Structures are given as structure tokens and as C-alpha cells.
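What follows is the residue order along each chain.
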Amino acid sequence: METTDKTQGELLAEKLLEKPKNAGLIMNDDEIASADEFCEGYKAFINTAKTEREACCESVKLAKEAGFDEYDSSKEYKPGDKFYFVNRDKSIILTVMGEEPLSEGIRLAAAHIDSPRLDLKQHPLYEDEELALFKTHYYGGIKKYQWTAIPMSLHGVIIKADGTKITINIGEDAGDPIFCVTDLLIHLANEQMKRTLANGVKGEELNLLVGSRPFKDDKVSKKVKLNIMRILNEKYGITEHDFVSAELEIVPAFKAQDLGFDRSMIGGYGQDDRVCAYPALMAILGCDKPKHTCMTILTDKEETGSDGNTGLNSSYLPYFIDDLAQMQGLKGHNVMSKSLCLSADVNAAIDPTFSDVTEARNASKLNYGVVVTKFTGSRGKSGTSDASAEFVGKIRKMMDEGEVIWQTGELGKVDAGGGGTVAQYIANLDMDVIDVGVPVLSMHAPFEVTSKLDTYMAFKAFSVFFKD
Ligand code: MN
Ligand code: MN
């Protein structure tokens, strides 16, 4: 008979009580090294793909390298076939056909590739006090004061009067100029400092500084503005009116980097939600001959409520599934009703400096693995799909069997605020869906923080899901 020094209570506690553990204590050194290596690819991805268009474009590139072809609606796809569908250059659906017919449902991972930022207005350029500036309108939920006095880059497209499309990316390469929103010096900020934090910098004060040298000609006014237009015209062939048909986005110009002496974390812009988009992308690219048809969708417009034809509140996903269903003589809704989805979005990790907004027993923590969030929303669970116990049970079993380190989370304590994800729109298509994503610190700030081990566990979670 085995002898033990443990008391009855200790044995009972071992058997009955939860004992959450830091992934750094569970994972062996080889797996930690794999996680670190995975995040090298992740950093490269988010440094290249800072906007939804760039993330879409980069995903196409990686998909082609992994043997995916562009979707052709006239083609009959067979098990194992891999293809991608691009929606208006801003969202992408990657599919690997399964052995089972589509009537058995799809395994879908859904992440978003838009992030909070500053957009240019349609008449952005003006001169004031012999400085040239751009008017902006912020995109997504931001604390406006965080977006001043940091280096910014300009990304996007301009459609010229003749219909030509110009792609812009300024401020990312060494030697490129950068831009910034100025803030008031503290010496003269007596009145500003009395404002609430929400109004510390107002929306119409988020003006981007873009030039200061005048065009030498006494006959013209607004010489600095004219000089900026001269430079833009020489480089891109555009006139001021071309801004009307442009989508130009201002994002932080700095690169993602290892964070901490131990390099355990990543600091960088737009990790909500590319820290889930990249693992979901890598999981589908590595998906081979799955049982069920597997799909990763990287969507746009999540940060403004998923409206618009590139957001998940539009019909582009069900239309696509319907087309695939018809190929097998099925109806789209029969496929969707049998499908399962992991809504891959970030969760708010406990921040020790602001821990009073989270409820420790139910909040996610950095390094405790990928977060399974049963419900989001606010004020009495409004605006959430709230996954069923049955579906949570299925996902829980899948994660445990696949040796995924995972935790549960919620978006802050009750009535502290709240937020939503695309899960509710996918649930409205009659799919079973739950949020599964990476915990983040400083969410929606220009510089967000994630853990490498959690990011790797997200990749593992989506990979295991695609093997279901
Ligand atoms: Mn998000
Ligand atoms: Mn967000």
C-alpha cells in the first residue's frame, strides 16, 4: 500500500478544488522555445500589417506560400483543397475543405484585423500659424490623450480622379519621415489639466502635424500647405481634391518589440486583434486534410460595431458559405446551423495597477493561457451571445484533450463598463460560438501588451479546434 504524508483535507483539496497555474510553470522548455519562436513570426506580421488592408494583403501572401489558391465559385472543391476569398481588400476567408460533407458543419475561427486609429477626414489638409496639419476622425474606442506626442505613420489608399489607386505607407521604413499629434506643454496647461480625462484632448484637437516649410512665392497665401501639396503631387500625382476619395489611416510608427528583461511579453500597436488574427491564420495555413471543413475569417470594422460590407454584421460570410453549400447541393443555413465557431478576440487581463475594475476570481491573467470568455456585453449581459453550457463543455474538453493551457475571463467586473465582439453576429447565423482569445494589457492604447505563451496557446487552441 502506498504511503503518503498528505492529510485527508489535502488529498480532498487536490481532488476537488481548482488550482490555476502560470503557463510558465506548466510548459516544458521545448514548448516555451516553440512559443518564443512562434512570436517572432507574430512580431514580423504585425510590423508589416498595421491596417486591415495590409493585414489582408499579407494574409494573401502567406496563404499563397502555404499552397492556397484564390477562390473560384465555378470550381468543385474536394476534401483537402485550400483556398482564400478576399472581400474588398479588407477582409479574407481562408478555407480548407474537410473529408465530411458541409452538412456536418464548418469549424470557423473569426478574428478582426482593424484596430483603433486616427482616420483622415475627407478635407484633411490645412495651414494654421504657418504649420500644415491634417484633420482626423478617430476610429474605434480610444482614450484620446494617449494618441498625442508619439510618432505616427500614414497608411492607406487614394483613388485619383481618373480612378487610379495609389497605395500609401509613410513612416514605417528607416529614413521615412513620421508625423505626430502635438499636445500642450505642461507649463501652460493649467486650464487643460482641469478637464476630465475623457476631454483632456478632444476629438477635434487630434490634428496631425505634417509640415512647416513654406513654398517661396509672395503671390500665394498658405505657403506651407501649398508646399505639402507640391510634394504630394510630385510623389503621387495627387491634388487636394483627391483626399475626398481616400482612406488614409494614422497609426503608431513604432515597431512591436519584446517587452521585459525576460522577453516574455510583446509590446506593440494593434494587438487587438492581430494577436488572435495571426494565430488563427497560422492555424488554418497549417491545417491539412481536416475532418470538417475549416475556415479562418479575418474581418474588418469590428472596432466600430461590425457594420459595413467588410464587417461581420454584413452578409458576406453567409453568402460565401451559401455558395460552398450549393456546390454540394446543400442550403447555406443547413451548413451554418451545424457549424461551430471560435470568435478569436482579446480579453482584458488583470492589470495590477488598476485591479479594482476586475473581479479576480473571474478575470483573465497574463501567462495563464488562452482565454475562453462565455459572454461579453455590459449591464446585465446585454449585447452578447452568451455561449451555452453544452458548447463551453465541448470546447473545454477539446482544449484539455489537446493540452491547450486555457483560462476563463470576463470583460471587467459587473457594471465596470463592458464591450462586445463579433460572436453575437456569428451566433445570429445560428452557429454555436464562444470567444477564445489572448489576454491583453493596455487594450486600445497605441502600445498594447500581450504574453508570448498566451499567444502560442491561442495558436494551439485554433489548431486543436481544426482537428475536431
Ligand atoms: Mn477586438
Ligand atoms: Mn477592440
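About the thresholds
- Residues numbered from 1 in each chain as written.
- Chains lettered and ligands numbered in written order.
- Predicted model: local features only at pLDDT ≥ 70, side-chain atom pairs only at ≥ 80, totals over all residues.
- Heavy atoms only, no water.
- Pairing = 2+ DSSP bridges.
- Helix = DSSP H or I, 4+ residues; strand = E, 2+ residues; numbered from the N terminus.
- Donors = N, O, S within 2.8 Å, 3.2 Å for Na, K, Ca; no water.
- Salt bridge = Lys/Arg side-chain N within 4 Å of Asp/Glu carboxyl O.
- Buried < 20%, exposed > 50% of the residue type's maximum accessible area, 1.4 Å probe, protein only.

**Concerning the sheet that holds strand β10 (residues 208–211)**
Here we have seven strands laid out as an open sheet, ordered β8-β7-β11-β5-β6-β10-β9, and antiparallel in their pairing. The sheet is open, and its two edges are formed by β8 (165–170) and β9 (180–181), each paired on a single side. Examined bridge by bridge, strand β5 (residues 117–128) and strand β6 (residues 131–139) share eight bridges and lie antiparallel to one another. Bridging across to β6, Asp119 finds its partner in His137.

**Observations concerning the coordination of the manganese ion (ligand 2)**
Surrounding the manganese ion (ligand 2) are the protein donor atoms Asp272 (OD), Glu303 (OE), Glu303 (OE) and His444 (NE2), at 2.1 to 2.6 Å. Of note, the donors binding the manganese ion (ligand 2) are all from one chain and are spaced D-x30-E-x140-H. Separating the manganese ion (ligand 2) from the manganese ion (ligand 1) is a distance of 3.3 Å, and Asp272 supplies a donor atom to each of them. Here Asp272, found in helix α6 (residues 271–285), pairs with Glu303, found in the loop between β14 (293–299) and α7 (316–327); they are 31 residues apart in sequence, far enough to count as distant.

**A short note on the coordination of the manganese ion (ligand 1)**
For the manganese ion (ligand 1), the full set of protein donor atoms is His112 (NE2), Asp272 (OD), Asp345 (OD) and Asp345 (OD), and the range of their distances to it is 2.1 to 2.6 Å. Coordination of the manganese ion (ligand 1) draws on donor residues from a single chain, spaced H-x159-D-x72-D in sequence.

**Comments concerning the pattern of salt bridges**
Under the criterion given, the structure shown has 30 salt bridges. Put simply, Lys50 and Glu172 hold a salt bridge, and the shortest N to O gap is 3.0 Å. Placement of the pair is Lys50 in the loop between α3 (29–48) and α4 (52–65) and Glu172 in the loop between β8 and β9, with a sequence separation of 122 residues. A relative accessible area of 3% means that Lys50 is categorised as buried. Notably, a salt bridge pairs Glu204 with Lys135, separated by 2.9 Å at the nearest N-O pair. In this pair, Glu204 is assigned in the loop between β9 and β10 and Lys135 in strand β6, connecting sequence segments 69 residues apart. Accessibility expressed as a relative area gives 46% for Glu204, which makes it partly exposed. Connected through shared salt-bridge partners, Glu40, Lys43, Asp258, Arg263 and Lys452 make up one network.

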